[in-house]
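This is what each chain is made of:
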Amino acid sequence: MKPQAIICDRDGTLIEDCHFLSCPEQIQWIPGVLETLKLLNQLNVKVLVVTNQSGVARGYFDEIAVEAVNTQLRRDVEGVSGAIADFYYCPHHPNGQAIGYSYACDCRKPSPGMFLQAIRDHKLNPAQCWTIGDRLRDLEPGLQLGMTAFLVETGSGVQALQDLSQRPYARQVTVISSFAEIFSLIQSDTVIAL
Ligand SMILES: [Mg+2]
Ligand SMILES: [Zn+2]
């Protein structure tokens, strides 16, 4: 079953999570991701990236740095004939230091703000969307909205998996080894059987 769109996390899901990544030179694609983005584009599955970037609120880097990384990611993906339909990031954190960013917002995951914005901007039906991430907080907004959720074992995924069994939504989450496994799931229709 082909999703209308995939709303996915960035660090630890698409690229290696190097703690507060802040410049394009630090980008390391997780194996198989670029090829998968190309295949998803061929199938007309929209991919939207939603990412918490609290490094801005913490004063580690600014929004220009976040956008420079996202611009490079977009270039890399377009270089393999893939596409990222949109990027959303939350620069906030309740305990940050940077003025204007340090408050409890409604976009930092697990809050649903970025997901709701993506749904509005791209006229998505959440029931036909998949959400993918390496932390439970990446999946919770999508689960609340009725999306199909996948936890990857890259990034922080192995730790998240340990916590998953204690969550009421555990049985609604499918664990996959990495983002690249998505493509074979679409082709095999495995997800329909869940
Ligand atoms: Mg992550
Ligand atoms: Zn926010």
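As shown above, the structure is provided for reference.
Thresholds applied
- Residues numbered from 1 in each chain as written.
- Chains lettered and ligands numbered in written order.
- Predicted model: local features only at pLDDT ≥ 70, side-chain atom pairs only at ≥ 80, totals over all residues.
- Heavy atoms only, no water.
- Donors = N, O, S within 2.8 Å, 3.2 Å for Na, K, Ca; no water.
- Helix = DSSP H or I, 4+ residues; strand = E, 2+ residues; numbered from the N terminus.
- Buried < 20%, exposed > 50% of the residue type's maximum accessible area, 1.4 Å probe, protein only.
- Tetrahedral: all angles 85-135°; square planar, octahedral: opposite > 155°, others 65-115°.
- Pairing = 2+ DSSP bridges.
- Axes fitted to C-alpha atoms, helices over the stretch in contact; angles between N-to-C directions.

Novice: Any chance you could break down the coordination of the magnesium ion (ligand 1) for me, citing the residues and the numbers?
Specialist: Six octahedral donors around a metal ideally subtend angles of 90 or 180 degrees, whereas four tetrahedral donors ideally subtend 109.5 degrees. Distances from the magnesium ion (ligand 1) to its protein donors, namely Asp9 (OD), Asp11 (O) and Asp134 (OD), fall within the range 2.1 Å. Motif for the magnesium ion (ligand 1), donor spacing along one chain: D-x1-D-x122-D. Taken as a pair, aspartate 11 in the loop between strand E1 (5-8) and helix H1 (33-42) and aspartate 134 in the loop between strand E4 (129-133) and helix H4 (136-144) lie far apart in primary sequence, 123 residues in all. Just as aspartate 11 is buried, aspartate 134 falls in that class too.

Novice: Run through the coordination of the zinc ion (ligand 2), naming residues and quoting values.
Specialist: Those donors, Cys90 (SG), His92 (ND1), Cys105 (SG) and Cys107 (SG), are the protein atoms that reach the zinc ion (ligand 2), and they lie 2.0 to 2.3 Å from it. Relative to the metal, the 4 donor atoms surrounding the zinc ion (ligand 2) lie at angles of 104 to 118 degrees, and the coordination shape comes out tetrahedral. Read in sequence order, the donor residues for the zinc ion (ligand 2) give the motif C-x1-H-x12-C-x1-C. Of this pair, cysteine 90 sits in strand E3 (residues 86-90) while cysteine 107 sits in the loop between E3 and helix H3 (113-122); the two residues are 17 residues apart in sequence, bridging distant segments of the chain. Pair check on accessibility: cysteine 90 and cysteine 107 agree, each one buried.

Novice: Help me get a handle on the sheet that holds strand E2 (residues 46-52), residues and values and all.
Specialist: The strand order across the open sheet formed by 6 strands is E3-E2-E1-E4-E5-E6, and the pairing between neighbours is parallel. On the outer flanks of this sheet lie E3 and strand E6 (173-176), each paired with one strand and no other. In this sheet, adjacent strand axes meet at a mean angle of 20 degrees when their direction is disregarded. Bridging between E1 and E2 involves 4 bridges; their strand directions are parallel. Following the sheet pairing, cysteine 8 is matched in E2 by valine 49.

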